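Topology and contacts: notes
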Amino acid sequence: MAEAADFQGTSASPARRWLRRTGALLAGAPLLAGLLQLPASPSADAAERTAVAEATGSKTVDVSLDSLSPTVPSDGDTLTVSGRITNKGKQSVTDAQVGLRVGPTMNGRSSIDTAAKNNPEAGAEVGGSYVQDFAKLAPGVPQSFSISVPVDELDLGADGVYQLGVTLTGETAAQPYERILGIERTFLPWQPEAAETKTRTTYLWPLISTPHVTAETGSNEQQTPVFKDDDLAAELAPGGRLQQLLTLGKELDVTWVIDPDLLASVVAMTSGYEIQTSAETTTPGTHQAVAKQWLAELEKAVQGKEVVALPFADPDLASLAHRGTKVTGSLSHLKDATEVAATTVESILHVTPSTDYAWPANGAIDPSIVKVATSAGADTVISRSDSLDETGGLSYTPSAARPIGGGTTAVVADARLSTAFQGDMAVAGNSTLAVQEFLAQTLMITLQQPGKQRSIVVAPQRMPSASQAQTMAQALTALQNGNWSQSADLSAATEAKPDPGATTRVPSAYPSSLRKQELPPETFEQIESTQQKLDKFRVILTDESRVVTPFGRALNRAMSTSWRGHEADEVVYRSGVETYIDDLTQQVALIKKSEAKLSGRSATIPITVQNNLVQGVDHLVLRLTSEKPTRLRIGERAYREQQVEVSGGHSQSVKFTANGRANGRYAVTAQLYTEDGQPYGDSITFDVNVTEITPTVMLVIAGGVLLLVLAGFRMYTQRKRAVARQAEEGPDDGLEDDAEEGREDESRSESGTASEAESGLASPLESGADDPEQPSDPSPDTAPESTDPSATGERVDR
């Protein structure tokens, strides 16, 4: 952020400080004489050595400033500075002394940056009794120090930011004279009276985590969620990251920025959950009580506070804008994530959140990011001043809000303040320095334009560690208790009057370092592939909500900003989502068949549909198609379709009539389709061996015809003989004999026919060969059965 090097509202240092500096300059005069080997007095020699030490020996001893209290001193306070000193050299340090030095005031925000990086002059030593002596510092052995000095002894003058140095002076055997061997510098904000116009400061307090819940759920009615790990429980437990953020945040005036996915995940834990231990196994989670307690505390903490709900799972807007918009359907996931955000937060925390804000990673924006961010309904983009850089030559830090066109407002968070706590705050020295620099920068903003009120926004890292959260809270507590700042909600900062000279031009370039962290195009391609599979699967279900909701949220999580820097984990997660939908769709499938035999012209072919899901499926069509319809027809056509409905955990046999027209082996394909004509699952293909007239059948037919011919011939000859006898014997006797002989012939014929039937030589029509169904046919609805292919040579029903 461009700003002037100087600002109004400061005055020169006190005369006493000027005299000390003058004395230091005079004391350095003998240095030149010493370098030229001119005689010098002992006192001048000591001053010379001290000056040389400031240039060459200040890194021999490491000085760590672990605490400074109060962080913002006032009149009548006593400043206590504590820390550690460690001799990093190879020789012992003797006659060591730790003292405090107060330097000049800073004249701008840039000068604070320079002082923090370059560690400039130490300033005049407070001296007197406000020192701590050490007889000897052995190499590598740390020792603690603590110095308390009344603020009045520091000679602080006008309001401003002062340098504060902690120095270690001493001697070594190689250089037996007093010199500065170690130094650490920080800043001391000095504003004992309330500022005439305070800066309004908005601090965003993020509750965001990485995705933890998979797309998988239990088969029970409650659909027990499955977590990919139990890391969320560790974050919620006492001392955990999220527990610290909640405990600290509820005591501060902050705007809560919450990812609804985090709330949904914690709620899922409260009713019982499973943890994925391998691709096939899970183990019960045991931290329901921790989840319940955290949720209850959060609900209390946010009452009456401003809450901003990010889109569900905090999607990576920059990745979506740069790599996802080319993939069909990607923006629909962002819209869905935005729509579900408000209802999730409201139903769990019972507060109405704002969903008007989009927060790209690191606040970096370009026109495409703004377009995507606002496409789902947000009208305000949280940017950062190192992205929306000031180019108008303002001599002060402008207010955060500024219009960027199209009815969109950019809330530009201050980059220095937002990145102040990104280091390792578990190290006490780092934490102390970060707090003091943060406070110094905020005071300097107020002093730039003492009579002009501005609204400043701080947007820290998305997922602060526990130690970072503690340091943030320490700094924010001191700021809210200070005399130059007052707390404000994000909505107030958004509505504040923009500075006329502040930049409103959205940069066209996007930082290459951030672009390298974006989700790859494969992410959005795989998400779309998974969505298509889900759309095809959902239409066959009797209760699609059991699948649509968990998968929809899982696809949102696959686009999360939290995957930045964790590419391998992101690949595993999104691949796992697609693998699971594949597994589910394969639970509804056709059981494979081996070759079937068709003896005769017509028979039925059973096809079995297996449903291993816990819920029923319908809206499915089974099509059986003959590859050679001129030789083998399915019904009266080349194919036939039938509706399929199968209860959960059952199978269903669907029967088709096949008509053979010629002997041979012909391929038949069975395929499931959804009602809109899309293929579902894998097809199965098997052969039907048509043997229209077999040798056995021909023998049976020939034998039957021969018997009929013989029986007819015999009856003919017998009747002929009977007529001849009647003519010889007379009319009465002949008729009687003919009748008796006819009865005997009829009896023999019936006996012969029965005998033929018993021997298996009956006509196929008489034997019932064309019955459509046999007692061995599968029942129409059965329990789960083996999906192994049917036995070779399976005969179809005739």
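None of these values were measured; they are calculated from a predicted model.

Before going further, it helps to spend a moment on the overall build of the protein. Within the protein one finds 22 helices and 32 strands. When each of the 798 residues of the protein is scored for burial, the buried share is 49%. Counted over contacts in the protein with a minimum sequence separation of 6, partners at least 24 positions apart contribute 78%. Per element, the accessible surface of the protein, about 36,200 Å² overall, is 51% carbon and sulfur.

This part covers the pattern of salt bridges. Per the stated rule, a full pass over the model turns up 21 salt bridges. Linking arginine 564 and aspartate 316 is a salt bridge whose minimum nitrogen-to-oxygen distance equals 2.7 Å. With arginine 564 in the loop between helix H18 (545-557) and helix H19 (567-585) and aspartate 316 in the loop between strand E15 (307-309) and helix H9 (317-324), this pair connects stretches of sequence that are 248 residues apart. Aspartate 316 shares its class with arginine 564; the two are buried. Sharing partners across several salt bridges, the network here consists of Lys533, Glu578 and Asp582.

Further remarks concern the sheet that holds strand E17 (residues 380-384). The strands making up a sheet associate through backbone hydrogen bonding, with each pair oriented either parallel or antiparallel. Across the sheet, four strands lie side by side as E16-E17-E19-E18; this open sheet has mixed pairing. The open sheet has two free edges, formed respectively by strand E16 (357-358) and strand E18 (401-405), since each of these has just one partner strand. Where E18 and strand E19 (residues 408-413) come together, four bridges link them in antiparallel fashion. Each residue of the ladder has a partner; that of arginine 402, found in E19, is alanine 410.

The next thing to look at is the nonpolar core. In this structure, Phe537, Phe551, Ile607, Leu622 and Val688 are the most contacted members of the largest nonpolar core, which totals 73 residues. Other than its neighbours up to four places away in sequence, phenylalanine 537 contacts Val547, Ile581, Leu584, Thr585, Leu613 and Tyr680. Counting 66 residues, the second-largest nonpolar core is a separate cluster that includes Tyr203, Leu236, Leu252 and Met425.

The next subject is the sheet that holds strand E2 (residues 78-87). The strand order E1-E2-E6 describes an open sheet built from three strands, whose pairing is antiparallel. Here the strands that pair on one side only, and so sit at the sheet edges, are strand E1 (61-69) and strand E6 (143-150). Neighbouring strand axes in the sheet, compared pairwise and without regard to direction, differ in orientation by 25° on average. Here eight bridges tie E1 to E2, and the two strands are oriented antiparallel to one another. Directly across from leucine 65, in E2, lies its bridge partner glycine 83.

This part is about the packing of aromatic side chains. Per the stated rule, a full pass over the model turns up six aromatic pairs. Look at phenylalanine 421 and phenylalanine 438: their rings are 5.3 Å apart centre to centre, the planes differ by 45°, and that puts the pair in the tilted class. Of this pair, phenylalanine 421 sits in the loop between helix H12 (415-418) and helix H13 (428-448) while phenylalanine 438 sits in helix H13, placing them 17 residues apart in sequence. The exposure class of phenylalanine 421 is buried, given its relative accessible area of 1%.

This part is about the side chain of glutamine 610. The residue glutamine 610 is located in strand E24 (residues 602-611) in this model. A relative accessible area of 2% places glutamine 610 in the buried class. Of the polar contacts made by the side chain of glutamine 610, one reaches the side chain of asparagine 612; its length is 3.2 Å.

Let us look at the packing of helix H17 (residues 521-538) against H19. The geometry of H17 relative to H19 is characterised by a closest axis approach of 10 Å and an angle of 20° between their N-to-C directions. What the angle tells us is that H17 and H19 run roughly parallel. The crossing of H17 and H19 is left-handed. On H19, the residues that touch Glu522, Thr523, Gln526, Ser529, Thr530, Lys533, Leu534 and Phe537 of H17 are Glu570, Arg574, Ser575, Val577, Glu578, Ile581, Asp582, Leu584 and Thr585. Residues of the contact of H17 with H19, tallied by class, amount to five nonpolar, six polar and six charged.

As a further point, take helix H10 (residues 330-349). Relative to the 28 Å expected for 20 residues at 1.5 Å per residue, H10 spans 29 Å between its end C-alpha atoms, a close match to the ideal helical length. At valine 340, H10 is bent by approximately 30°, the largest bend along its length. Restricting attention to buried positions, one finds in H10 the residues Ser330, His333, Leu334, Ala337, Thr338, Val340, Ala341, Thr344, Val345, Ile348 and Leu349. Positive backbone phi, at 60°, marks histidine 350, one or two positions downstream of H10.

This part covers unusual backbone geometry. In the segment running from serine 69 into proline 70, the intervening peptide bond is cis, with an omega of -5°. Summarising the element assignment, proline 70 is placed in the loop between E1 and E2. Of note, the phi angle at histidine 350 is positive, near 60°, even though the residue is not glycine. Tracing the sequence through the fold places histidine 350 in the loop between H10 and E16. A relative accessible area of 52% means that histidine 350 is categorised as exposed.

The predicted structure's coordinates, where accompanied by low pLDDT, should not be read in detail. Summarising the model, the protein shows a mean pLDDT of 84, and 82% of its residues fall at 70 or more. In this model, residues 1-56 is a region of pLDDT below 50 whose contacts with residues beyond four sequence positions or in other chains number 75 contacts. This model gives residues 791-798 a pLDDT under 50, and the stretch forms 35 contacts once residues within four places in sequence are excluded.

Moving on, we come to the environment of valine 307. Checked against the element boundaries, valine 307 lands in strand E15. In this structure valine 307 touches Trp256, Ile258, Val302, Val345, Val351, Pro353 and Ser354, once residues within four positions along its chain are discounted.

It is at 8 Å that the axes of H9 and helix H11 (residues 367-375) come closest, and there the two elements cross at 110°. For the element pair H9 / H11, the angle class is roughly perpendicular. Across from Leu317, Ala318, Leu320, Ala321 and His322 in H9, the residues of H11 making contact are Ser368, Ile369, Val372 and Ala373. Here the contact of H9 with H11 is composed, by residue class, of seven nonpolar, two polar and no charged.

This part is about the side chain of serine 455. Along the chain, the position of serine 455 falls in strand E20 (residues 455-458). A polar side-chain atom of serine 455 sits 3.1 Å from a polar atom in the side chain of arginine 200. Excluding its chain neighbours within four sequence positions, the residues that come into contact with serine 455 are Arg200, Pro398, Ser399, Ala400, Ala493 and Ala496.

About the thresholds
Residues numbered from 1 in each chain as written. Predicted model: local features only at pLDDT ≥ 70, side-chain atom pairs only at ≥ 80, totals over all residues. Heavy atoms only, no water. Helix = DSSP H or I, 4+ residues; strand = E, 2+ residues; numbered from the N terminus. Buried < 20%, exposed > 50% of the residue type's maximum accessible area, 1.4 Å probe, protein only. Contact = heavy atoms within 4.5 Å. Areas by Shrake-Rupley, 256 points an atom, 1.4 Å probe, with all protein chains shown as cover. Salt bridge = Lys/Arg side-chain N within 4 Å of Asp/Glu carboxyl O. Pairing = 2+ DSSP bridges. Core = buried A, V, L, I, M, F, W, Y, C linked by side-chain atoms within 4.5 Å. Axes fitted to C-alpha atoms, helices over the stretch in contact; angles between N-to-C directions. Phe/Tyr/Trp six-rings, centres within 6.5 Å; stacked < 30°, edge-to-face > 60°. Polar contact = N/O pair within 3.5 Å; in protein donor to acceptor, adjacent residues only side chain to side chain. Parallel < 35°, antiparallel > 145°, perpendicular 65-115°, else oblique. Left-handed = near helix turned anticlockwise from the far one by under 90°. Nonpolar A, V, L, I, M, F, W, Y, C, P; charged D, E, K, R; others polar. Expected span 1.5 Å × (residues − 1). Bend = angle between axes of the 7 residues up to and from the residue. pLDDT = per-residue confidence, 0-100.

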